Amino acid sequence: MLTPRTQAIKDAIFDVPRVVDLERALLYTESWRTTEGQPVVVRRARAIANVLAKHKIVIDDHDLLVGNRSATPRAGVVSPEMSPYWIADELDEFPTRPQDQFQISEDTKRRYLEELLPYWSGRSLIDWYRAHLDEDVAAAEADQVFAVAQTDKGQGHIICDFPLVLTRGYGAILDRARERAAADPDNAFLEAAVISLEAMVAYVGRYAATVRELAATAAPERAAELARIAEVLGHIQTKPARNLYDALQLVWLTEVALMHESNASSLSLGRADQYLWPYYQASVAAGASPEQVRELLQCFYLKFSTIVAIRSTGSARFFAGFPIGFNLVVGGVDEQGADASNELSYLLLDIQKDTRLPQPNLSLRVHKGSPAALLRLAGEVVRLGDGLPQFFNDEVNIGAFMNRGVSQTDARDYAVVGCVELSIPGRMYGLHDISMFNLVRCLELTLAEHPEGFASYEDVEEALKATVARYVALMVRGCNTCDLAHRMTSPTPLLSCLVSDCLESGRDVTEGGARYNPSGVQGVGTANLADSLETLRRGVFGITGADGSGRVEPVVGYERLAQALARDWSGEGDELLRRRIVDRMPKYGNDVDEVDLLGSRMLEFYAREVEKYGNVRDGFFQPGSYTVSAHVPLGAACGATPDGRHAHEALADGGLSPMRGLDKHGPTASLMSVSKLNNGLESNGGLLNVKFSPSTLGGEQGLAKLSAYLRAFCRLGIQHIQFNVVDKVVLLDAKAHPEAHRDLVVRVAGYSALFVDLAPALQDDIINRTEHEL
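Q: What am I meant to see in the pattern of salt bridges here?
A: Where side chains of opposite charge bring their charged atoms close, a pairing between them can arise. Summed over all chains, the structure comprises 60 salt bridges. Across the salt bridge formed by Glu594 and Arg538, the nearest N and O atoms sit 3.0 Å from each other. With Glu594 in helix H27 (residues 593-610) and Arg538 in helix H24 (residues 526-540), this pair connects stretches of sequence that are 56 residues apart. The partner of Glu575 in a salt bridge is Arg578, with the nearest N and O atoms 3.0 Å apart. On the criterion of helical spacing, the pair formed by Glu575 and Arg578 is a turn pair, its members being 3 residues apart in helix H26 (residues 574-584). Accessibility expressed as a relative area gives 35% for Glu575, which makes it partly exposed.

Q: How should I be thinking about the sheet that holds strand S21 (residues 771-772) in this particular structure?
A: Where strands meet in a sheet, backbone hydrogen bonds hold them as pairs that are either parallel or antiparallel. As summarised here, the arrangement of the 7 strands in space is S6-S7-S8-S9-S18-S17-S21, forming an open sheet in which the pairing is mixed. Looking at the sheet topology across the chains shown, the edges are occupied by strand S6 (270-271) and S21.

Q: Would you mind showing me how to read the packing of aromatic side chains here?
A: What describes a pair of aromatic rings is the distance from one ring centre to the other and the angle between the planes of the rings. Under the definition given, this model contains 18 aromatic pairs. With centroids separated by 6.0 Å and ring planes inclined at 75°, the aromatic side chains of Trp86 and Phe94 adopt a geometry described as edge-to-face. In this pair, the class of Trp86 matches that of Phe94, namely buried. Look at Phe300 and Phe304: their rings are 5.0 Å apart centre to centre, the planes differ by 90°, and that puts the pair in the edge-to-face class. In terms of burial, Phe300 and Phe304 fall into one category: buried. Three or more aromatic residues joined by ring pairs form one cluster here, namely Tyr28, Trp32, Tyr119 and Trp120. Between the NZ or CZ atom of Arg18 and the centre of the ring of Phe102, over which it lies, the distance is 5.9 Å. Positioned over the ring face of Tyr414 is Arg365, at 4.0 Å from the centre of the ring.

Q: In this structure, what is going on with the side chain of Asp653? I would like to understand it.
A: Residue position: Asp653 is located in the loop between helix H28 (631-636) and helix H29 (666-675). When its relative accessible area of 3% is taken as the criterion, Asp653 is described as buried. In contact with Asp653, not counting residues within four places along its chain, are Thr627, His631, Pro658, Asn689, Asp765 and Arg769.

Q: Is there a simple way to think about unusual backbone geometry in this case?
A: Most peptide bonds adopt trans geometry, and most residues besides glycine take a negative phi value. The peptide bond linking Gln359 to Pro360 adopts the cis configuration, its omega dihedral lying at -5°. Between Leu388 and the following residue, Pro389, the backbone shows a cis peptide bond with an omega angle of -5°. In this model, Leu431 sits at a positive phi of 35°, which is unusual for a non-glycine residue.

Q: Teacher, can you tell me more about the pairing of strand S18 (residues 720-724) here?
A: Of all 5 residues making up S18, 5 are buried, and the element is well covered by its neighbours. Because side chains alternate across S18, one face comprises the buried residues His720, Gln722 and Asn724, and the other comprises Ile721 and Phe723, equally buried. As judged from the 2 bridges shared by strand S9 (residues 390-393) and S18, these two strands associate in the antiparallel manner. Paired with Phe392 across the bridge in S18 is His720. One ladder, built from 3 bridges, connects strand S17 (residues 689-692) with S18; its direction is parallel. Within S18, the position partnered with Val690 by the bridge is Phe723. Running through helix H30 (residues 699-715), the crossover from S17 to the neighbouring parallel element S18 is right-handed.

Q: How should I be thinking about the side chain of Ser625 in this particular structure?
A: In this fold, Ser625 is placed in the loop between strand S16 (621-624) and H28. Residue Ser625 is classed as buried on the basis of its relative accessible area, which comes to 0%. With sequence-adjacent residues up to four places away left out, Ser625 is seen in contact with Gln522, Gly523, Thr526, Leu603, Gly654, Gly655, Leu656, Glu682, Gly685, Gly686 and Leu687.

Q: How do you make sense of the nonpolar core when you look at a structure like this?
A: It is characteristic of soluble globular proteins that their nonpolar side chains tend to be buried jointly. Formed by 263 residues in total, the largest nonpolar core has its most connected members in Phe437 and Phe723. Of all the elements, helix H9 (residues 188-217) adds the most residues to this core, at 16 residues. Apart from residues no more than four positions distant in its own chain, Phe723 is found in contact with Val382, Gly387, Phe391, Val690, Phe692, Leu706, Tyr709, Leu710 and Arg747.

Q: Explain the sheet that holds strand S3 (residues 146-148) here, please?
A: Taken together, the 4 strands give an open sheet; going across it, the order is S3-S12-S13-S16, and neighbouring strands pair in mixed fashion. Both outer strands of the open sheet, S3 and S16, are each paired with one neighbouring strand and no more. The average angle at which neighbouring strand axes cross in this sheet is 25°, direction not considered. Pairing analysis gives 4 bridges linking strand S13 (residues 519-524) to S16, with the strands arranged parallel. Looking at the pairing, Gly520 lines up with Gln622 of S16.

Q: Can you walk me through the packing of helix H14 (residues 290-303) against helix H16 (residues 343-355) in this structure?
A: When two helices pack together, you describe them by how their axes are tilted relative to each other and by the distance separating the axes. Following both chains from N to C, one finds H14 and H16 inclined at 65°, their axes separated by 10 Å at the closest point. Compared by their axis directions, H14 and H16 come out roughly perpendicular. Along this stretch, H14 crosses H16, giving a crossing that reads as right-handed. Between H14 and H16, the contacting residues are Val293, Arg294, Leu297, Gln298, Tyr301 and Leu302 on the first element and Leu344, Leu347, Leu348, Asp350, Ile351, Gln352, Asp354 and Thr355 on the second. Of the residues contributing to the contact of H14 with H16, the split by class is 8 nonpolar, 3 polar and 3 charged.

Q: Would you explain the pairing of S17 in this entry?
A: Working note: regular strand, side chains alternate between the two faces of the sheet. Both faces of S17 are covered, namely the face carrying Asn689 and Lys691 and the face carrying Val690 and Phe692. Relative to S21, S17 is paired through 2 bridges, and the arrangement is parallel. Residue pairing for S21: Phe692 is matched across the bridge by His772.

Q: Explanation requested: the environment of Val284 in the structure shown.
A: With respect to the helices, strands and loops of the structure, Val284 is situated in helix H13 (residues 277-285). Each C-alpha atom of the pair Val284 and Leu244 lies 8.9 Å from the other, and the pair is 40 residues apart in sequence.

Q: Looking at this model, I keep getting lost on H16. Mind explaining?
A: Two residues of an α-helix separated by three or four positions point the same way, owing to the 3.6 residues in each turn. Its 13 residues place the ends of H16 19 Å apart at the C-alpha level, agreeing with the 18 Å of an ideal helix rising 1.5 Å per residue. Listing the buried residues of H16 in full gives Leu344, Ser345, Leu347, Leu348, Leu349, Asp350, Ile351, Gln352, Asp354 and Thr355. The backbone nitrogen of Leu344 lies 2.9 Å from a side-chain oxygen of the residue at the head of H16, namely Asn342. Arg356 sits one or two positions beyond H16 and adopts a positive phi of about 55°.

Cut-offs used in this document
Residues numbered from 1 in each chain as written. Predicted model: local features only at pLDDT ≥ 70, side-chain atom pairs only at ≥ 80, totals over all residues. Heavy atoms only, no water. Salt bridge = Lys/Arg side-chain N within 4 Å of Asp/Glu carboxyl O. Helix = DSSP H or I, 4+ residues; strand = E, 2+ residues; numbered from the N terminus. Buried < 20%, exposed > 50% of the residue type's maximum accessible area, 1.4 Å probe, protein only. Pairing = 2+ DSSP bridges. Phe/Tyr/Trp six-rings, centres within 6.5 Å; stacked < 30°, edge-to-face > 60°. Lys NZ or Arg CZ within 6 Å of the ring centre and 35° of its normal. Contact = heavy atoms within 4.5 Å. Right-handed = clockwise from strand over helix to strand, strands pointing away. Core = buried A, V, L, I, M, F, W, Y, C linked by side-chain atoms within 4.5 Å. Axes fitted to C-alpha atoms, helices over the stretch in contact; angles between N-to-C directions. Parallel < 35°, antiparallel > 145°, perpendicular 65-115°, else oblique. Left-handed = near helix turned anticlockwise from the far one by under 90°. Nonpolar A, V, L, I, M, F, W, Y, C, P; charged D, E, K, R; others polar. Expected span 1.5 Å × (residues − 1). Polar contact = N/O pair within 3.5 Å; in protein donor to acceptor, adjacent residues only side chain to side chain.

Pasting the structure below:
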């Protein structure tokens, strides 16, 4: 449980309203106005240096760790240099919009409209993107098959090299940057690297000086704590970490500085139980008690709930509940392939029992050799109902990366960024969330283009594949334009100094300086697509069986089905037809080969199309399949579909999950269905949601069942799985009486969120997911 100190910290995080914060924007702009004509990467370095030098430092009255991104916790920090327009459009709506609300003062509105909007109009990242985007790509986006993301934010979805920071310290990294800059004086990136690292060292020094000043006037007990914090800060300003206190403070201040630089989501933590392990051992050996270590780790975890993402109303529908993506990974194998879990792995899992918050987004890597005790503890945490930890399968994910050309050593060190996106810590800049691709919308467009029908079911698939291929090619072009926009307007020199090969090559991550440079795009709608194709295959053409050899009497003619879809199943006899399709046609998620293999075939086709393409950083495009909360707006973009789904209804959640309510044969059948997909192709990440009733995980028997289920998950070669374990009655009451369930945390899709922070449509989606028994 939390200590009195950490309970007070947790309460303080949520006791103040979320506000729109302009401090970073104003400081960034202040610098940008003075650096006209300098290389963009140098301008970025000077702007971030100005933010680090001047932003208001706030020291909590209780905390043992320092570092704030905004003057108040959970503030909406805006970045007009990325896109000033949506902010201006929504200034009056922030407090009342349907999702992710923020308070905003009249003075904040005025300053934004008078100082920031006029300056950044025409100068922002999105301006560059729009000016260079091909007209046919823009037209394709209007068809709502795909949307290019990252056009209004900086570089996120990355894990910096924390082992480098901890073992060498910022002083040594700065020395190396100065050496490289001296050897290549015309390299603007290396000049920017030195500016950024000098700013980072000075930034830590600012905190040390501030804490010393507070210690001079504090009460004796707090003065002693502040003196210890100041000593830690003075050491880590340039030197490597000595113990767990040093390491946690250095990791957190690095995270805060990178957030100041990019103001992006998913600057994740990587394999914390591995790189923190020697410092944990040092603290224990020096006499730190278990209680002291636990409280310090509680302080560390609570820091990650002080930062949220502010997004546009449209974007918030895709990423609802303020997810910021501080993904922390434990478990997995080491570089020899042996189990890497240690005492700290267990402790980092157990801390979730104390904090009960959505951040950090806790992930557990599992494999055939994962200790039974580790899986049992993970089960204890799962059944709390917070949706944490989520589970990643080493047996498939390591191979998936090796198939993309990642070395075995690096692949075995994979971690997770944001929600479920797979990455290599400190060595990969993956643009992991650059676009979502709506496979169901592709089917809708294909059917609309063929009002006369098809001669055979095979013709349906071929036409659909042609649509998918056409839009994938257009999506890739849009993503590459966005990628170039980041390079031309928003490089990240500080982050790049903490990613392998950038300093040595003299290139920012946006220029391809990282060791690995993929772009990740998500194919969404596998379940609905498979179910819809089965309706066409069996219901219209009378074909059955996994090999297509069976024949039955068709249920409906193509023209009749098209008419029902056009009127959203509202005409005479349409509801009867819809119910027949929903109730009698096989559905994905029930271990029925004939429909599962349709989903597998189409998802593999999509993946193979994506992997044909390269990006502008000499990297490759890699497919994934997850939705975050985008299954709601992506469904809203689609009309009625042949699986019996109504127009604008949400698609199946997760990415690989069955359509809610249609997985009627239990959670094991769902595993079997997902195992038939070629999961090794989805190297950017896949997502499977499973909802259990709380009673099924009760007692030792429940924990044993969950452990066995996770072992099956590993053997079946599925990438990812996560659980919601919340009683439907509780969810319904929380929707009706949010004030009584302020702390209720649920799993959305790849991340957890406070249930009361979600819009009603997403709350309903979670409530209506099938609740399984084991």
